[in-house]
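# Remarks on the overall topology
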Amino acid sequence: QVQLVESGGGLVQAGGSLRLSCAASGRTFNRPAMCWFRHAPGQEREFVAVSSRSSDSTYYADSVKGRFTISRDNTKNTVYLQMNSLKPEDTAVYYCAGSTTYYRLTSLSSYDLWGQGTQVTVSS
């Protein structure tokens, strides 16, 4: 059973914007935190952004601060990643994930619920 489904990826030019969505099964959305990771060619999967269940606590990787915004709509069981001022180095498969803990939220080991990813490609 698919529990997290990402959508919204695509091909955009540098400077453009995309909004990613992550739809979760209702009973699986009640997690301490939801986050986005990304996996670029030749790179390890890296943390992008995380949000608490109430959306009153967020944290971003330095590489995306000021450009990306994570948000969530608990009534729709959906988490979003608004990506502005996109750069070619943002090209990656973006994954949504749910945490098992309130701690170590930039670590892969803190997440056990993953989507299959959505491709984001930024051309120069």
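Here, the structure is the one placed above.
Here is a short report on the structure shown in this document. Here the residue numbering is sequential within each chain, running from 1 through the sequence in written order. The predicted origin of the model limits local features to residues at a pLDDT of at least 70 and limits the giving and counting of side-chain atom pairs to 80 or more, whereas totals for whole chains, interfaces and linings rest on all residues. Side-chain figures throughout are based on the complete set of non-hydrogen atoms in the structure, without hydrogens or water.

### Observations concerning the side chain of Arg67
Per the convention used, a helix needs a DSSP run of H or I reaching at least four residues, while a strand needs a run of E reaching at least two, with both numbered from the N terminus. On the secondary structure map, Arg67 appears in the loop between strand 6 (58–60) and strand 7 (68–73). Remark: exposure states derive from per-residue accessible area (1.4 Å probe, protein chains only) relative to the maximum for the residue type, with buried under 20%, exposed over 50%, and partly exposed in between. A relative accessible area of 10% means that Arg67 is categorised as buried. Contact criterion: two residues are considered in contact whenever any of their non-hydrogen atoms come within 4.5 Å of each other. In contact with Arg67, not counting residues within four places along its chain, are Gln82, Met83, Asn84, Ser85, Leu86, Lys87 and Asp90.

### Considerations on the nonpolar core
Here the nonpolar core consists of buried residues drawn from Ala, Val, Leu, Ile, Met, Phe, Trp, Tyr and Cys, with membership extended through side-chain atoms lying within 4.5 Å. Trp36, Val48, Phe68, Leu81, Met83 and Tyr94 are the most contacted members of the largest nonpolar core, which has 35 residues in total. Counting residues per element, this core draws most heavily on strand 4 (residues 33–39), at five residues. Aside from chain neighbours lying at most four places away, what touches Leu81 is Leu18, Arg19, Leu20, Trp36, Val48, Ala49, Phe68, Thr69, Ile70 and Tyr94.

### Quick word on the pairing of strand 11 (residues 118–123)
Walk down a regular strand and you will see the side chains alternate between the two sheet faces. Covered by surrounding structure in strand 11 are Thr118, Val120 and Val122 only, the residues Gln119, Thr121 and Ser123 on the alternate face being uncovered. Paired strands, in this sense, are two strands between which DSSP finds at least two bridges. Looking at chain direction, strand 2 (residues 10–13) and strand 11 are connected through four bridges and run parallel. For Gly10, the partnering residue across the bridge sits in strand 11 and is Val120. Sheet topology places strand 9 (residues 92–99) next to strand 11; three bridges connect them, and they run antiparallel. In the strand pairing of strand 11, Ala92 is matched with Val120.

### Examining the environment of Met83
In this fold, Met83 is placed in strand 8 (residues 78–83). Considered as a pair, Met83 and Ser17 are 66 residues apart in the sequence and their alpha carbons are 5.4 Å apart. Residues in contact with Met83, not counting those within four places in the same chain, are Gly16, Ser17, Leu18, Leu20, Arg67, Phe68, Tyr94 and Val120.

### What to know about the state of the cysteines
A pair of sulfur atoms, both from cysteines and within 2.5 Å, is called a disulfide here. Applying the stated rule across the entire model yields one disulfide. Put simply, Cys22 and Cys96 are joined by a disulfide, and their sulfur atoms are 2.2 Å apart. Here the disulfide of Cys22 and Cys96 is left-handed, its torsion about the S-S bond being about -85°. Of the two residues, Cys22 is situated in strand 3 (residues 18–24) and Cys96 in strand 9; the sequence distance between them amounts to 74 residues. Comparing Cys22 with Cys96, the two get one shared label, buried. Free cysteine: Cys35, not disulfide-bonded; nearest cysteine sulfur from Cys96 at 7.1 Å.

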